[in-house]
Amino acid sequence: MGPDSISAAVIVRNEEAVLERCLASLDGVVDEIVLVHDGDCDDASLEIAQRHRARIFVRPHTGSPELQTVFAFEQCEGEWILNVDADEFLSDELRAALPELVQQPGVNGYEFLWRMWDGKRLISEDGPFKLVLFRRAAVHMLGIIEALETVDGVVERSRLELVHRPLYNNFTARAFVSKWRRRAKTRARQYLTDFSELPKFNWKGPDDWPRWRHAANALSPLLFIPYGAATFAFAFYQSRSYYSLRENLRFALFAGLYSGLAQFYVAKFRYFGD
């Protein structure tokens, strides 16, 4: 593909309820859609992707979208990668601005406004922001759950919106038991995996887990409560300007519980097995 070309990377697992609006927002503004399905598909997601002329890959189920993201990035052929989830779609303003954004010579990445939605209403207005668009040659990623891409050079923050509209509230007791507990187990298993076996894209970082991660694994029976408490405090401070006090407390509590639970499973898997 030529200069300023854009590959959209979309990771899905049975997302027929939201996938049409996502892919429709990409039509006409990206040069290709690379869609990776995590495991066998049990709904109409692949048929929807075919209608939008996506390049489709069905991969073994991992339960960790980030593992599939590394593979998707490897398949992208554009100069730029637009990393979009199935429950997200481009606002009209972002669609219109996208061709101009990728022509800026001094910028390697963009963070877009990503307002929080609880399944029924917006609960934030001025944030948070999410890194979504970046030059393929400048982005680096480690394929573990909750991993974030890093980009060399200048990353601009824009108030253009990537609309986030999940059909349910991610921050309820039911979601924690069904979704976040499962993700915490996956995260714990990855922390205990040999670093060389983890998928990586354009990786320029260390070739082993940092010393603090080795120490956290070894001391995990003692650390899961302090670890969760520290995560709660950090999340509460970091997001204080985006949410009301009530919502910020709720999100920080979920972050702390999730992080502490992951450390609990590290202790369980390391010392007692599955």
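Procedures and definitions
Residues numbered from 1 in each chain as written. Predicted model: local features only at pLDDT ≥ 70, side-chain atom pairs only at ≥ 80, totals over all residues. Heavy atoms only, no water. Salt bridge = Lys/Arg side-chain N within 4 Å of Asp/Glu carboxyl O. Helix = DSSP H or I, 4+ residues; strand = E, 2+ residues; numbered from the N terminus. Buried < 20%, exposed > 50% of the residue type's maximum accessible area, 1.4 Å probe, protein only. Pairing = 2+ DSSP bridges. Axes fitted to C-alpha atoms, helices over the stretch in contact; angles between N-to-C directions. Contact = heavy atoms within 4.5 Å.

**Comments concerning the pattern of salt bridges**
This model, assessed by the stated rule, comprises 17 salt bridges. Across the pair arginine 250 and glutamate 247 runs a salt bridge, and its minimum N-O distance is 2.5 Å. Here arginine 250 pairs with glutamate 247, and both are found in helix 8 (residues 245-272), just three residues apart, close to one helical turn. For arginine 250, a relative accessible area of 23% gives the class partly exposed. By relative accessible area, which is 8% here, glutamate 247 ends up buried. Here the salt bridges do not stand alone but share partners, grouping Asp118, Arg121, Glu247 and Arg250 into one network.

**Notes on the sheet that holds strand 2 (residues 32-38)**
If you walk across this open sheet you meet the eight strands as 3-2-1-4-7-6-10-5, and the pairing is mixed. Two strands close off the open sheet at either side, each with one partner strand: strand 3 (55-59) and strand 5 (88-90). Between one strand and the next, the sheet's axes are offset by a mean angle of 35°, whatever the strand orientation. Bridge count between strand 1 (residues 6-12) and strand 4 (residues 80-85): six bridges; the pairing is parallel. Of the residues in strand 4, the one forming a bridge with isoleucine 11 is aspartate 85. Along the sheet, helix 3 (residues 65-75) contacts strand 1, strand 2, strand 3, strand 4 and strand 7 (129-135); its crossing angle with strand 2, the most-contacted strand, is approximately 150°.

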